[in-house]
Amino acid sequence: PQWYGSSVFERSVRKHGINAEYGQLLRTGNLGEALNHYHAAVEGDAKNYLAYYQRATVFLALGRHKQALSDFDTVIRLKPDFHHAKSERGTVLMKQGKVEDARAQFTELLNADPEKAQAGLSDLPVLEQAIEDGDEYFENSDFATAIDHYDHAIDIAKWDTSLREKRAEAYLKIGNIINAIGDVRAIAKLTNDNTNAYLKLAQLHYIMGEEEESLKEIRECLKLDQDHKDCHTHYKKVKKLVKQLNQAQDFINEGVYGEAVSKLKAALKTESSEEKIVLKIQSRLCLCNKQGGFVEDCLSTCTTVLERESQDIEALVNRAECLILNEDFEGAIKDYQTAQGIHTDSKHIKEGLHRAEKLLKQSKKRDYYKILGVPRKRRKISDK
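1. Side note on the overall build of the protein
(1) Moving on: Regarding its fold elements, the protein presents 22 helices and zero strands.
(2) Moving on: Residues classed as buried in the protein amount to 44% of the 384 residues present.
(3) Moving on: Taking all contacts inside the protein whose residues are at least 6 apart in sequence as the whole, residues at least 24 apart take part in 47%.
(4) Moving on: Counting every atom, the protein has about 21000 Å² of accessible surface; 47% of that belongs to carbon and sulfur.

2. Topic: the packing of helix H12 (residues 195–207) against helix H13 (residues 211–224)
Packed helices, taken two at a time, are described by the angle between their axes plus the distance between the axes.
(1) Moving on: Across the interface, H12 lies against H13 with an axial gap of 8 Å and an inter-helix angle of 165 degrees. As judged from the angle between their axes, H12 and H13 are roughly antiparallel. Taken as a pair, H12 and H13 cross one another with a handedness that is left-handed. Contacts between H12 and H13 involve Thr195, Tyr198, Leu199, Leu201, Ala202, His205 and Tyr206 from the former and Glu213, Ser214, Glu217, Ile218, Glu220, Cys221 and Leu224 from the latter.

3. As for the state of the cysteines
Simply put, disulfide is the name for a covalent bond between the sulfur atoms of two cysteines.
(1) Moving on: All told, the structure shown has three disulfides when counted by the stated rule.
(2) Moving on: Between the sulfur of Cys221 and that of Cys231 lies a disulfide, 1.9 Å long from S to S. Looking along the S-S bond of the Cys221-Cys231 disulfide, the torsion reads about 90 degrees, which is the right-handed sense. Of this pair, Cys221 sits in helix H13 while Cys231 sits in helix H14 (residues 229–254), and the two are ten residues apart along the sequence.

4. A closer look at the packing of aromatic side chains
(1) Moving on: A complete count under the given rule lists four aromatic pairs for this structure.
(2) Moving on: When the ring of Tyr49 is compared with that of Phe82, the centres are 5.1 Å apart and the planes differ by 85 degrees; the resulting orientation is edge-to-face. Pair noted here: Tyr49 is in helix H4 (residues 49–61) and Phe82 is in the loop between helix H5 (65–78) and helix H6 (83–95), with a separation of 33 residues, a long-range link. Each member of the pair, Tyr49 together with Phe82, is buried.
(3) Moving on: Summarising the aromatic geometry, the rings of Phe138 and Phe143 are spaced 5.1 Å apart at their centres and angled 75 degrees between planes, so their arrangement reads as edge-to-face.
(4) Moving on: Through successive ring pairs, a cluster of aromatic residues spans Tyr49, Tyr53, Phe72 and Phe82.

5. Some details on the side chain of Asp335
(1) Moving on: Looking at the element boundaries, Asp335 is found in helix H19 (residues 329–342).
(2) Moving on: Looking at Asp335, its side chain comes within polar contact range of the side chain of Arg319, at 2.7 Å.
(3) Moving on: Residues contacting Asp335, with those up to four places away along its chain left out, are Leu316, Arg319, Ala320 and Leu323.

6. Things to note about H4
(1) Moving on: With 13 residues, H4 should reach 18 Å at 1.5 Å per residue; the first-to-last C-alpha distance of 19 Å fits that figure.
(2) Moving on: Looking at H4, one finds that the buried residues are Tyr49, Leu50, Ala51, Tyr52, Tyr53, Gln54, Arg55, Ala56, Thr57, Val58 and Phe59.
(3) Moving on: Positive phi appears at Gly63, one or two residues downstream of H4, with a value of about 80 degrees.

About the criteria used
Residues numbered from 1 in each chain as written. Predicted model: local features only at pLDDT ≥ 70, side-chain atom pairs only at ≥ 80, totals over all residues. Heavy atoms only, no water. Helix = DSSP H or I, 4+ residues; strand = E, 2+ residues; numbered from the N terminus. Buried < 20%, exposed > 50% of the residue type's maximum accessible area, 1.4 Å probe, protein only. Contact = heavy atoms within 4.5 Å. Areas by Shrake-Rupley, 256 points an atom, 1.4 Å probe, with all protein chains shown as cover. Axes fitted to C-alpha atoms, helices over the stretch in contact; angles between N-to-C directions. Parallel < 35°, antiparallel > 145°, perpendicular 65-115°, else oblique. Left-handed = near helix turned anticlockwise from the far one by under 90°. Disulfide = S-S within 2.5 Å. Phe/Tyr/Trp six-rings, centres within 6.5 Å; stacked < 30°, edge-to-face > 60°. Polar contact = N/O pair within 3.5 Å; in protein donor to acceptor, adjacent residues only side chain to side chain. Expected span 1.5 Å × (residues − 1).

See the structure below:
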């Protein structure tokens, strides 16, 4: 705080016997130890307003604004003319979005500290207008503009969870799940025991195709309430899916592609509708079918992936290799060329394209065998 080291502070230190070492802890950022010192100080002297004030500043530095507000209340009760505490209290209330309480506190401070009071009072109408405008644009389905106004409001009231809830909802309306997750995560940190926030985080990560993160967040919900029905339902499904995908990956790592395919098909039964999860499973099936030599299934699963993500290089290359196995060299060349257009510097794609072109050329030379009806085994002998 700016008053740190001032005569007010020094007099208070002498009066209440606070060791200057505590202040040094704040200067060096050792907040945990500083907090312990101030806990001990207020327990030793319940009228030590400066210890409460200092503890409040530590709480703020730790992001624990509710505890800080409680300590500022105590400071003002113990020392009504300590205007630093009133200024800080007004600022905390404003950041919490408690407009009327903040206005009352800043108004009370006008005579004692007009500069700080007026600064706070001037921010409040800006906050109110930003919220009003954001709500109006949201109601009119102009979500991008609503977000702009909620941004301005949150710049002033960054601890107001209701504003973050509104902005998160607006982000979801425009499909920006990543930013919505950021706001919901902030809500979870700003509020205690918020099971709904962790459930929402788990659901959003799942929609993003991030099943491991989803499982992590839903466990946080169950830590708070092991009987939470919705969290438990989501947990059972995601836990099962994660297990199936991990087992499939283990089989892939071991090169046992048939078993991996079985686990991935089981995973598709566990989750058959969430787009990004399904796409991830299909992508792995595409790979496993190719690696296992299951040509028809490879073509089917890789095509399914490419119907959803036409620029998926891995699916293009896997399908190209399966097309080669199916002797559709022209199709393979087309897939390799598409992949090369996306990733021009890939040596693997370049080599695959060259191989497909070479095989196509060789196949055209051997067309006369088909006309003569020569079996494939005899063709190899003749070619020698």
